[in-house]
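Fold and geometry: a report
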Amino acid sequence: MILLRLAFLSLRNRWLTALLTVIAIAVSVALLLGVEKVRNGARASFADTISGTDLIIGARTGPIQLLLYSVFRIGDATNNISWLSYVDIAKRGEVAWSVPLTLGDSHRGFRVLGTTTDYFKRYKFRGGQTLTFTAGREFDDLFDTVLGADAASKLEQKIGDRIVVSHGLGVIPQSEHADKPFRVSGILAKTGTPVDRTVHVSLEAYEAIHIDWKEGVRTPGLSPSVATVRKLKLAPKAITAAMIGVKSKLSTFELQRFVNEYRQEPLLAIFPGVALQELWQIVGTAEQALIMISAMVVVAALLGLATMILSTLNERRREMAILRSVGASPRTIVGLLMIEAGLLSLLGVMLGVALLYLGLYVAQPIVDAQYGLYLPIRPLSQRELVMLALIVGAGLGVGLLPALRAYQMSLADGMTVRV
Amino acid sequence: MDKVDFCWPGTNAFEISIDRLAIEPGERILLLGPSGSGKSTLLGLVCGIAVPQAGRIEVLGRDLAAMSAMERDRFRAEHYGVIFQMFNLLPYASALDNVLLGLSFAPERKKRIVTYRPPKEEATRLLAALGVSGPLVTKGIAAKLSVGQQQRVAAARALIGAPELVIADEPTSALDKRTQETFLDLLFHQVAEVKATLVMVSHDDRLARRFDRALDLGDISNVRQEAET
């Protein structure tokens, strides 16, 4: 194929500009695919965060807000549910199981979740997987704690180590529950969910460390010793939220209505899946914007390609005259320039894909550690392949511009070399 | 060529009319004229790249105007060899590639060679006959060759596959006196070998003695040219 060979030789002769053009396309392609990968990864890890739970209940607020603080540990609850209300709901006939959740304290930036041991059985993620322990087991002493995978590795904690929990999210030293340290009893396997960054304690422990606290401050002189606390009956007065499983899916709506219309206090029950969808729609706008931006970068790179070829046309008039003289038709010259554009976009796309996978390979552990976002390294999806084919097609398309210009020139010039 | 009128499309600045020009097969003819006398346009007409608005151009017994643009391109590829004044070669390809380019669009011409020799060998032989040999042929790009060497490679490309018609547009004007002589000797020798018709245009009437016939363009054509604005 003489045209392909000529296009290749011609490009090799202008390798620097050609290389820069290819790199520009490659970077834009890597960016576009990267956004796509991150988007899919984010969507997947979003949707994978919670499964198997039919309802989440909490104090009345927005559904997304409830989802955010109860599942994603983002933001704070404005109000609690009283323990009595929780028990009232939990003992209803529709309810198969329920897990109370109490939030509010933290340990060096990691949220502390007060719950029951049922949590480790009932919390499901990524299509029904349950939590597993890499070391130790669930808490059974009052001052035991179970660490999420990231919390354990960041804090460099192992089984038997002692940690001190802080009140609220502040890092003010005075607000530490220093008198009641916890012993690490178990460490959870990595899940790619907010559980990884959570410190789990029992509901009773939450009560115990707050026994001398009133309205968010410690009451001086009232701080009982660990031994005294152990003797007390530590019934929780309130919880932040609860996960509910129902016996029959059909009764979910009925239970939801019951909770939403609960007389004693204003409560809210949400379907986690529906709330996730709503949340994703909000994030989706930003996602669309990102895709638009990266698509624009690709367009810019392709325009650069057209510019690059156009700018060489004048000096290549003699080349075209030569080709005409040996019998090439003006169409052949159009073909030559199109092949050139196609070849450059193809190389750009291929290099871009290589860049993407290299980037993924390097960034995967970092992104996972920093943002808890797991980006799987998978072969290109069909959608992505279609996108790449479209880019090469668009490359050929913009190649048409200089090609048609060359067509006109070669018709006008004939075999005369006009320099 | 009979009663040909031509002006470049889209412009009225240049018009050429040729009443009659006949060139016999195997003839070597020199067309003389200063620049602006319509030399390039005449060659464009002969090569079938430009099509006259009126009149008839017949080459090797075929009417160029009766062919489609594609057919003319193909016809040119099969039966013509063209040498320009300078910038004859694709600067990024090797000398050998440039010679073989002459066959790229001419399958018949290529077939003629293949019957007795692979095209590559024929190209190398022709280059050697024209005084280009050794590493220059395949190694390095044409842009690195001297102007004299480039013209010889161009001649080899024009001659490969023994075309019936060799068109040369001032092929020696970029060469110095001595290279000019050598180049013309080699060219004439090879043209005689393949029994081609040679049409050369030049402004240099000292070349006339080598040709069967020398014509002044002014005698055979009328050119009307407007001052460019």
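Residues numbered from 1 in each chain as written. Chains lettered and ligands numbered in written order. Predicted model: local features only at pLDDT ≥ 70, side-chain atom pairs only at ≥ 80, totals over all residues.

Each helix and strand counted, chain A has 13 helices and 16 strands in total. Taken over the C-alpha trace, chain A has a radius of gyration of 31 Å; the compact-globule value for 419 residues is 22 Å, which it surpasses by more than 25%. With the principal axes as the frame, chain A shows a C-alpha extent of 105 × 45 × 35 Å. Classification of the 419 residues of chain A by burial places 42% in the buried group. (Helix = DSSP H or I, 4+ residues; strand = E, 2+ residues; numbered from the N terminus. Rg over C-alpha atoms; globule rule 2.2 N^0.38 Å. Buried ≥ 20, exposed ≤ 12 C-beta atoms within 10 Å, placed from the backbone.)

Turning our attention to the overall build of chain B. Scanning chain B from terminus to terminus reveals eight helices and eleven strands. Across the 229 residues of chain B, 44% fall into the buried class. Here the contacts in chain B between residues at least 6 apart in sequence split such that 78% fall between residues at least 24 apart. (Contact = placed C-beta atoms within 7 Å.)

Here we come to the domain arrangement of chain A. Its domain assignment divides chain A into domain 1 (2–46 + 283–413) and domain 2 (55–270). For domain 1 of chain A and domain 2 of chain A, the distance between their C-alpha centroids amounts to 51 Å. (Domains from an automatic or database assignment.)

Turning to unusual backbone geometry, a few remarks are in order. All names here are of chain A. One non-glycine residue, Arg 73, lies in the positive phi region at around 55 degrees. Residue position: Arg 73 is located in the loop between helix H3 (63–70) and strand S2 (81–82). For Arg 73, a count of 20 C-beta atoms within 10 Å puts it in the buried group. Although it is not a glycine, Glu 156 adopts a positive phi angle of roughly 50 degrees. Relative to the assigned elements, Glu 156 resides in the loop between helix H6 (149–155) and strand S9 (162–163). Owing to 7 C-beta atoms within 10 Å, Glu 156 belongs among the exposed residues under this scheme.

What follows is about the interface of chain A and chain B. Chain A puts 18 residues into the contact, and the matching count from chain B is 26 residues. Mapped onto the side of chain A that touches chain B, the elements with two or more residues apiece are helix H1 (2–13) and helix H11 (317–325) of chain A. Among the residues forming the side of chain A that touches chain B, the class breakdown is seven nonpolar, seven polar and four charged. (Nonpolar A, V, L, I, M, F, W, Y, C, P; charged D, E, K, R; others polar.)

Next up on the list: the confidence of the model for chain B. Close inspection of predicted coordinates is inappropriate for parts of the model with low pLDDT. Residues and elements named next belong to chain B. Of the residues in chain B, 90% have a pLDDT of 70 or more, and the chain-wide mean is 81. Confidence scores differ between elements of chain B, with strand S1 (residues 2–7) showing the lowest mean pLDDT of 60 and strand S7 (residues 80–83) the highest of 89. The complex prediction reports pTM at 0.72, with the ipTM value standing at 0.85. (pLDDT = per-residue confidence, 0-100.)

What follows is about the sheet that holds strand S8 (residues 165–169) of chain B. Residue and element names in this part refer to chain B. The five strands are arranged S7-S8-S9-S3-S10 in an open sheet whose pairing can be described as parallel. Edge positions in the open sheet fall to S7 and strand S10 (213–216), since each of these has one partner strand only. Shown here is a sheet whose adjacent strand axes are inclined to one another by a mean of 15 degrees, direction ignored. Bridge count for strand S3 (residues 28–32) against S10 is four bridges, and the pairing is parallel. For Leu 31, the partnering residue across the bridge sits in S10 and is Leu 215. (Pairing = 2+ DSSP bridges. Axes fitted to C-alpha atoms, helices over the stretch in contact; angles between N-to-C directions.)

Residue and element names in this part refer to chain B. For Val 82, the location among the structural elements is in strand S7. Exposure remark for Val 82: the 28 C-beta atoms within 10 Å place this residue in the buried category. Spatially, the C-alpha atom of Val 82 lies 4.8 Å from that of Ile 167, the residues being 85 residues apart in sequence.

On to the pairing of strand S15 (residues 241–246) of chain A, then. All names here are of chain A. Here S15 lies mainly inside the structure; five of its six residues are buried. In the sheet, strand S1 (residues 55–59) pairs with S15 via four bridges, with the strands oriented antiparallel. Residue pairing across strands places Ile 56 opposite Met 243, the latter belonging to S15. Bridge analysis of strand S3 (residues 95–107) against S15 gives six bridges, and the strand direction is antiparallel. Of the residues in S15, the one forming a bridge with Ser 98 is Ile 244.

This next bit is on helix H1 (residues 39–47) of chain B. Residues and elements named next belong to chain B. Along H1, nine of the nine residues are buried, which leaves the element largely enclosed by surrounding structure. Lys 39, Ser 40, Thr 41, Leu 42, Leu 43, Gly 44, Leu 45, Val 46 and Cys 47 are the residues of H1 that are buried. One or two residues past the end of H1 sits Gly 48, with phi positive at roughly 80 degrees.

Now for the nonpolar core. In this structure, B:Val99, B:Leu127, B:Val153, B:Ala156 and B:Ile167 are the most contacted members of the largest nonpolar core, which totals 103 residues. With twelve residues, the top contributor of residues to this core is helix H12 (residues 330–371) of chain A. Sequence-distant contacts of B:Val99, that is, excluding residues within four places in its chain, are made with B:Ala123, B:Leu126, B:Leu127, B:Val153, B:Ala156, B:Arg157 and B:Ile160. Within the second largest apolar cluster, 59 residues are counted, among which are A:Ile56, A:Leu66, A:Val195 and A:Leu268. (Core = buried A, V, L, I, M, F, W, Y, C linked by C-beta atoms within 7 Å.)

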